[in-house]
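Reading the structure
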Amino acid sequence: MKLIIGHLYPELFNLYGDRGNVQCLEKRLRWRGMEAEVISLPVGERIDFSNLDIVCWGGSSDRESELASRYLTGIRRDFKAYVEDGGSVLAVCAAYQLLGDYYETPGGKTMGLGLLEIYTRWAPGRLVGNIVLKSKLVPMPVVGFENHGGRTYIGSYSPFGTVNSGHGNTEKGDYEGLLYKNVIGTYLHGPLLPKNPQICDLILKRALERRYGTDIILQPLPDEAEHKANHQIVDRFRC
Ligand code: GLN
């Protein structure tokens, strides 16, 4: 079995090490004897979403988001069809913001893809620090690091998780991220997936089942180091 992972705009959305999510997906496939192909999807190039199984899109500063937003119209129709067909997307921070209608800062509005009816508004005081969620997707706590000025309003969508410690979508500290079909939008850097192997495996399982049309049981991996990294963040908030 093989999956193709599209790494969207890596030259601009590379500020917080979120490329580690691409590496984690790739490794956890290969460690199970499956094939993984990573395709870099640079700004301005045509994208064949029908060829992709997972789209990974990372964080960036406001400037790079604004630069990239000029190209989003060109990919919107095919990206939306991919999402509506159950294509897997992991969109982190700025990428999560650009899945929505806009990201508004004192400098103006950066228009997003409009794939989801959400919006983001900048506010004074960055939301920064380690964060721990409880997500309905997996039994383990979901841990990461957030660093964003934008506050994202998700309307009636399901959140990625409820916030146990940290901020999340806004300073209210109640919900974080968003779930829609096989899209996960989140503010969690880290990178997210190596510290949350259950989320990584869920993304792989969903993509494999969509590509091969059958129930997939992923063999467990020796995740002692991953679980230790996860518990280390959770324990920080206990003491
Ligand atoms: N520039 C955006 C913000 O500050 C996103 C930052 C990020 O990707 N961490 O909200």
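We now turn to the structure provided with this report. (Residues numbered from 1 in each chain as written. Predicted model: local features only at pLDDT ≥ 70, side-chain atom pairs only at ≥ 80, totals over all residues. Heavy atoms only, no water.)

For strand S5 (residues 102–105) and strand S6 (residues 108–111), the ladder comprises four bridges, and the chain directions are antiparallel. Each residue of the ladder has a partner; that of Glu-104, found in S6, is Lys-109. Two elements, S5 and strand S7 (residues 119–134), share two bridges in a ladder whose sense is parallel. Residue pairing for S7: Tyr-103 is matched across the bridge by Thr-120. (Pairing = 2+ DSSP bridges. Helix = DSSP H or I, 4+ residues; strand = E, 2+ residues; numbered from the N terminus.)

For the rest of this paragraph, the subject is the pattern of salt bridges. By the definition in use, this model includes 17 salt bridges. Residue Arg-32 is joined to Asp-201 by a salt bridge in which the shortest nitrogen-to-oxygen separation is 2.7 Å. Of this pair, Arg-32 sits in the loop between helix H1 (19–30) and strand S2 (35–41) while Asp-201 sits in helix H5 (residues 197–212); the two residues are 169 residues apart in sequence, bridging distant segments of the chain. Asp-201 carries the same exposure label as Arg-32, and that label is buried. For the salt bridge of Arg-63 with Glu-64, the shortest nitrogen-to-oxygen distance reads 3.3 Å. (Salt bridge = Lys/Arg side-chain N within 4 Å of Asp/Glu carboxyl O. Buried < 20%, exposed > 50% of the residue type's maximum accessible area, 1.4 Å probe, protein only.)

As a further point, take the environment of His-167. Relative to the elements of secondary structure, His-167 occurs in the loop between strand S9 (161–165) and strand S10 (175–176). With 44 residues separating them in the primary sequence, His-167 and Arg-211 have C-alpha atoms 36 Å apart. Not counting residues up to four positions away in its chain, the partners in contact with His-167 are Leu-127, Val-128, Ile-131, Glu-146, Gly-173, Asp-174 and Tyr-175. (Contact = heavy atoms within 4.5 Å.)

Turning to the site of the ligand, a few remarks are in order. Residues in close proximity to the ligand total 15 residues, the closest being Asp-62, Cys-93, Asn-147, Gly-150 and His-189. When the ligand sits alone it has 300 Å² of accessible area, and the protein chains cover 99% of it. The element contributing the most residues to the shell around the ligand is strand S8 (residues 142–153), with four residues. Along the lines of polarity and charge, the residues of the shell around the ligand split into four nonpolar, nine polar and two charged. (Near = heavy atom within 4 Å. Areas by Shrake-Rupley, 256 points an atom, 1.4 Å probe, with all protein chains shown as cover. Nonpolar A, V, L, I, M, F, W, Y, C, P; charged D, E, K, R; others polar.)

The end-to-end C-alpha separation of helix H2 (residues 62–84) is 28 Å, well short of the 33 Å expected for 23 residues at 1.5 Å each. Largest kink in H2: about 60 degrees, centred on Ile-75. Within the sequence span of H2, burial applies to Glu-64, Ser-65, Ala-68, Ser-69, Leu-72, Ile-75, Phe-79, Tyr-82 and Val-83. Gly-86, located one to two residues past H2, shows a positive phi value of around 90 degrees. (Expected span 1.5 Å × (residues − 1). Bend = angle between axes of the 7 residues up to and from the residue.)

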